Amino acid sequence: MSAPLANARHSEARSAKGNPMAAATRDQHAVRDSRGGRRDGAVHIRDLVRSFDGRAVVDRISLDIAAGEFVALIGKSGSGKSTLLRALANIDDSVAGSGAIHVPDNRSVLFQDSRLLPWENVLQNITIGLRTPDARERGLAVLADVGLAGRENAWPNALSGGEQQRVALARSLVRDPSLLLADEPFGALDALTRIKMHELLFRLVEVHQPTVLLVTHDVDEALVLADRVLVMDAGRIIVDLRVDLPHPRGRSSEAFEALRAELLDALGVIVHV
Ligand SMILES: Nc1ncnc2c1ncn2[C@@H]1O[C@H](COP(=O)(O)OP(=O)(O)OP(=O)(O)O)[C@@H](O)[C@H]1O
Ligand SMILES: [Mg+2]
């Protein structure tokens, strides 16, 4: 497990995702595969079913996500996205189901609300449950990574919504997870803050190199960030689209617009031009 990187090291690490040798040099303890992701970061799902009152809301899904891959999951409200994510997070004990899931043990979950403890300060929230001797240093480093250096003693309710979500992001990254599961993490933020969070998340994913499953309602968010976009409908994955566009991705390029139209079509949205 590598320590969070301070801001000064971002440019060095930025090239690591496409260059496994650079990654291996940067972090000699991590085992990485040919994509640059951790070898233990892969996700495998076979014939997964999750049901409520006898109704399958995740309906025999099989899916493989490679280590280090950034996958976005979109779909209509009620299509089963959060149910699938909760199954992968192993926080759905009370839900009936069947099938097989292989996920890394070292995973973090990020929700729409930051879920910070109001009676703990920012640093305590980030390092909660982290029992390593360098917990404080790691917490401070990851706090700097999310652009909040110096705010370690602040109380959560003294932060803006965007800042609280950055603390939640820091908390989810402080253990350097092999898998980051995020359920509409920016859904409650205003449009400008959301764009800033996209840039931040992209940069942090390049540094920490987790496998990512991001649930979102925002097609552009999916296309700006992900290597692959899945569309879920009535418990099934109906589209599995690879996004082979270079970063940073301009939202107005022809290729971007074509992918957007394809996804909106899959979502049943009629686009008037
Ligand atoms: N605890 C529960 N008890 C009964 N039904 C549930 C429960 N949780 C979810 N459901 C149902 O399962 C279906 C899928 O819900 P889920 O939350 O996974 O959808 P979603 O795709 O995440 O939707 P949204 O985009 O609105 O967040 C919905 O019809 C929902 O009503
Ligand atoms: Mg949901």
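Heads up: these notes are all about the structure in this document.

Reading guide: rules and limits
- Residues numbered from 1 in each chain as written.
- Chains lettered and ligands numbered in written order.
- Predicted model: local features only at pLDDT ≥ 70, side-chain atom pairs only at ≥ 80, totals over all residues.
- Helix = DSSP H or I, 4+ residues; strand = E, 2+ residues; numbered from the N terminus.
- Buried ≥ 20, exposed ≤ 12 C-beta atoms within 10 Å, placed from the backbone.
- Contact = placed C-beta atoms within 7 Å.
- Pairing = 2+ DSSP bridges.
- Axes fitted to C-alpha atoms, helices over the stretch in contact; angles between N-to-C directions.
- Near = placed C-beta within 6 Å.
- Nonpolar A, V, L, I, M, F, W, Y, C, P; charged D, E, K, R; others polar.
- Right-handed = clockwise from strand over helix to strand, strands pointing away.
- Core = buried A, V, L, I, M, F, W, Y, C linked by C-beta atoms within 7 Å.

## Brief notes about the environment of Ala182
1) Next: Residue placement: Ala182 occurs in strand 6 (residues 179–183).
2) Next: Since 23 C-beta atoms lie within 10 Å of it, Ala182 is described here as buried.
3) Next: In sequence terms Ala182 and Val109 are 73 residues apart; their C-alpha atoms lie 5.6 Å from each other.
4) Next: With residues up to four places along the chain from it excluded, the contact list for Ala182 reads Leu110, Val212, Leu214 and Val215.

## Section: the sheet that holds strand 5 (residues 107–110)
1) Next: Spatial strand order, 5-6-7-3-8-9: six strands in an open sheet with mixed pairing. Edge positions in the sheet fall to strand 5 and strand 9 (236–242), since each of these pairs with one other strand and no more. Averaged over all pairs of adjacent strands, the angle between strand axes in this sheet comes to 15 degrees, irrespective of strand direction.
2) Next: The pairing of strand 6 with strand 7 (residues 211–215) spans five bridges and is parallel. If you follow Leu180 over to strand 7, its bridge partner there is Val212.

## Quick word on the site of ligand 1
1) Next: Around ligand 1 sit Phe52, Val57, Gly75, Ser77, Gly78, Ser79, Gly80, Lys81, Ser82 and Thr83, and that is every residue in its neighbourhood.
2) Next: For the shell around ligand 1, the per-class residue count stands at two nonpolar, seven polar and one charged.

## Examining the pairing of strand 7
1) Next: Where burial is concerned, most of strand 7 is hidden: five out of the five residues are buried.
2) Next: Along strand 7, one buried face is formed by Thr211, Leu213 and Val215 and the opposite face, lined by Val212 and Leu214, is buried too.
3) Next: Where strand 3 (residues 70–75) and strand 7 come together, four bridges link them in parallel fashion. Within the sheet, the bridge partner assigned to Ala72 lies in strand 7 and is Leu214.
4) Next: With helix 7 (residues 191–208) bridging strand 6 and the parallel strand 7, this β-α-β connection has right-handed handedness.

## Observations regarding the nonpolar core
1) Next: Core analysis: the largest hydrophobic core is formed by 61 residues, its most contacted members being Val71, Ala72, Leu73, Ala170, Leu213, Leu214 and Val229.
2) Next: Once you skip the residues sitting within four places of it in the chain, Leu214 turns out to touch Ala72, Leu73, Ala182, Leu225 and Ala226.

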